[in-house]
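Chain residues, written in single-letter form:
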Amino acid sequence: IRYYRRHLDLLSIPELVAGLDDPATLPERPALITFDDGYSDNYEYALPILKEQGVTACFFLATHFLESSRIPWWDYAACCLKHSRVESIPSPFGGDDPPYQPHSAGRAKTIRRFLHRLIDAPWEKVDTCLERLSEFTGVDPEAYRDRSFFMTWEQARRMQEMRMDLGGHTRTHPVLGRVNDPAFLREEIQGCFDDLLAQTGMPPLAFAYPVGHEGAMSPEADAEIRRAGFKVHFSFLQASTQLERLGNPPYPRIAAEYQDNFQAFRMGMMRNAR
């Protein structure tokens, strides 16, 4: 965060929206800090650091996760594979997808491969795939959950009072580009907008696509996002590889996940900023 403060002009979402209407008002190095999903660590750990450094950020909330015992689909899948009681499991996706070997030396790669297949699956089949994964591995992720993963609405409102922005991230984090039901698409996007308005008293300005790569987005979802009332929305496309998308919503965002490697973090930020 100190690095961002030194090298970037950090904006709030309202400042960004105003700047998109009148680019002359934007500073020389405009940037946003954003967090996805609404995990409780956003409130417990990120918020105090942001306040200490005097900067704002936008927290994109999957609204039906807040104050719920829900285990997100990606955590559900990872838990099954990490705690698998068997050496090899058949693919719940069928076809020519090879078996998964969660006890292999490359377990992290196995989890990534499964999640990539899950992201690419038609959304109406995801619950069935997760049920089969639980059956194949003999793991019930509920047995490993000792508390809610997510913030409460009261915590979200406190963040808002501390000048943090709250944005939309759907209700249950589906991969919108894989949703084939228009009614469900509207429920997830319009419903998210309505939840934020009802819980905070303020209409949200910004929306971020879950997952956010090319296949996770669609023109139909873009239209629903605008129809719901969001003024700006974001992908998770990397600016360094998707420069042609800059200036054309949904806007790219730059991943800042470099573990504890500060040199890699700085190089990633420099490459994307350039």
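My aim in this report is to walk through the structure given alongside it, one point at a time. What you see is a predicted model; the values in this text were computed from it and never measured. (Residues numbered from 1 in each chain as written. Predicted model: local features only at pLDDT ≥ 70, side-chain atom pairs only at ≥ 80, totals over all residues. Heavy atoms only, no water.)

So, the layout of surface pockets
The test is simple: Here a cavity denotes grid points, spaced 1 Å and computed from the protein atoms alone, that fit a 1.4 Å probe unable to get out, and a pocket denotes an open set having protein on both sides within 12 Å along at least 5 of 7 lines; residues with an atom within 4 Å of a point are the lining. Grid points are joined across faces, edges and corners, and a volume is the space filled by probe spheres set on the points. A run of H or I in DSSP becomes a helix once it reaches four residues, and a run of E becomes a strand once it reaches two; helices and strands are each numbered from the N terminus. Residue polarity follows a fixed list, in which Ala, Val, Leu, Ile, Met, Phe, Trp, Tyr, Cys and Pro are nonpolar, Asp, Glu, Lys and Arg are charged, and the others, Gly among them, are polar.
Size it by volume and the second largest pocket reaches roughly 320 Å³. Residue lining of the second largest pocket: 14 residues in total, with Arg70, Trp73, Trp123, Asp127 and Thr172 positioned closest to the centre. Among the secondary structure elements, those contributing two or more residues to the lining of the second largest pocket are α4 (73–82), α6 (126–137) and α8 (182–200). Ranked by residues supplied to the lining of the second largest pocket, first place goes to α6 with three residues. Residue composition of the lining of the second largest pocket, grouped by class: nine nonpolar, one polar and four charged.

Looking at the packing of aromatic side chains
What counts, and what does not: Aromatic rings from Phe, Tyr and Trp, taking only the six-membered ring of Trp, are treated as a pair when their centres fall within 6.5 Å; an angle between ring planes under 30 degrees marks them as stacked, one over 60 as edge-to-face, and anything in between as tilted. Per-residue accessibility, obtained with a 1.4 Å probe over protein chains only, is compared with the maximum for each type, and a residue is labelled buried under 20%, exposed over 50%, and partly exposed between these values.
This structure, assessed with the given rule, holds 19 aromatic pairs. Look at tyrosine 3 and phenylalanine 265: their rings are 5.4 Å apart centre to centre, the planes differ by 70°, and that puts the pair in the edge-to-face class. Note that tyrosine 3 is positioned in helix α1 (residues 2–7) and phenylalanine 265 in helix α10 (residues 262–273), a separation of 262 residues in sequence. The same class applies to tyrosine 3 and to phenylalanine 265, which are both buried. Considering the side-chain rings of phenylalanine 35 and phenylalanine 59, the 4.8 Å spacing of their centres and the 5° angle between planes classify their relative orientation as stacked. Here the residue phenylalanine 35 occupies a position in strand β3 (residues 34–37), and phenylalanine 59 occupies one in strand β4 (residues 58–61), the gap between them amounting to 24 residues. Take phenylalanine 59: its relative accessible area is 0%, and that puts it in the buried class.

Examining the pairing of β4
Worth spelling out the cut-off: Two strands qualify as a pair provided DSSP detects at least 2 bridges between them. Look down the strands so they point away from you; if going from the first strand over the helix to the second traces a clockwise path, that crossover is right-handed.
Covered by surrounding structure in β4 are Cys58 and Phe60 together with Phe59 and Leu61, the residues of both alternating faces. Bridge count between β3 and β4: four bridges; the pairing is parallel. By the bridge assignment, phenylalanine 35 is partnered in β4 with phenylalanine 59. A crossover links β3 with its parallel partner β4, the connecting element being helix α3 (residues 40–53), and its sense is right-handed.

What about the side chain of histidine 169?
Rules: Any two residues whose heavy atoms approach within 4.5 Å at even a single point are treated as in contact.
Looking at where histidine 169 falls in the secondary structure, it is placed in the loop between β5 (165–168) and α8. On the accessibility criterion, histidine 169 (1% relative accessible area) is buried. When sequence neighbours within four positions are dropped, the list of residues in contact with histidine 169 reads Asp36, Asp37, Phe60, Leu61, Ala62, Cys192, Phe207, Ala208, Tyr209 and Pro210.

A few points about the environment of alanine 57
Take alanine 57: it is sitting in the loop between α3 and β4. In the structure, alanine 57 is positioned 22 residues away from phenylalanine 35 in sequence and 7.6 Å away in space, judged by C-alpha atoms. Look past the residues within four positions of alanine 57 in its chain and what remains in contact with it is Ile33, Phe35, Leu50, Met164 and Asp165.

Quick word on the nonpolar core
To keep things clear, this is the line we draw: For the purposes of this section, nonpolar cores are sets of buried Ala, Val, Leu, Ile, Met, Phe, Trp, Tyr and Cys residues that join through side-chain atoms within 4.5 Å.
In this structure, Trp73, Phe114, Leu118 and Ile189 are the most contacted members of the largest nonpolar core, which totals 42 residues. Elements that contribute at least two residues to this core include exactly α4, α5 (107–120), α6, α8 and α9 (219–228). Looking at which element gives the most residues to this core, the answer is α4, with eight residues. Isoleucine 189 has contacts with Leu176, Phe207, Ala221, Glu224, Ile225, Ala228 and Phe230, leaving out every residue within four places of it along the chain. By size, the runner-up hydrophobic cluster in this structure holds 21 residues, among which are Tyr3, Tyr43, Phe59 and Met159.

Digging into the pattern of salt bridges
Definition in use: A carboxyl oxygen of Asp or Glu within 4 Å of a side-chain nitrogen of Lys or Arg is what we treat as a salt bridge.
Evaluation of the coordinates by the stated rule reveals 12 salt bridges. The closest approach of N and O atoms between arginine 113 and aspartate 97, which form a salt bridge, is 3.1 Å. In this pair, arginine 113 is assigned in helix α5 and aspartate 97 in the loop between α4 and α5, connecting sequence segments 16 residues apart. Residue class for arginine 113 comes out partly exposed when judged on its relative accessible area of 28%. Judged by its relative accessible area of 11%, aspartate 97 is buried. Residue arginine 178 pairs with aspartate 120 through a salt bridge whose shortest N-O separation is 3.1 Å. Remark: aspartate 120 occurs in helix α5 and arginine 178 occurs in the loop between β5 and α8; sequence separation between them is 58 residues. In this structure aspartate 120 comes out as partly exposed when scored by relative accessible area, which is 42%. Each member of the salt-bridge network shares a partner with another, and the members are Asp97, Arg113 and Arg117.

Function-wise, these values are silent; they only describe arrangement.
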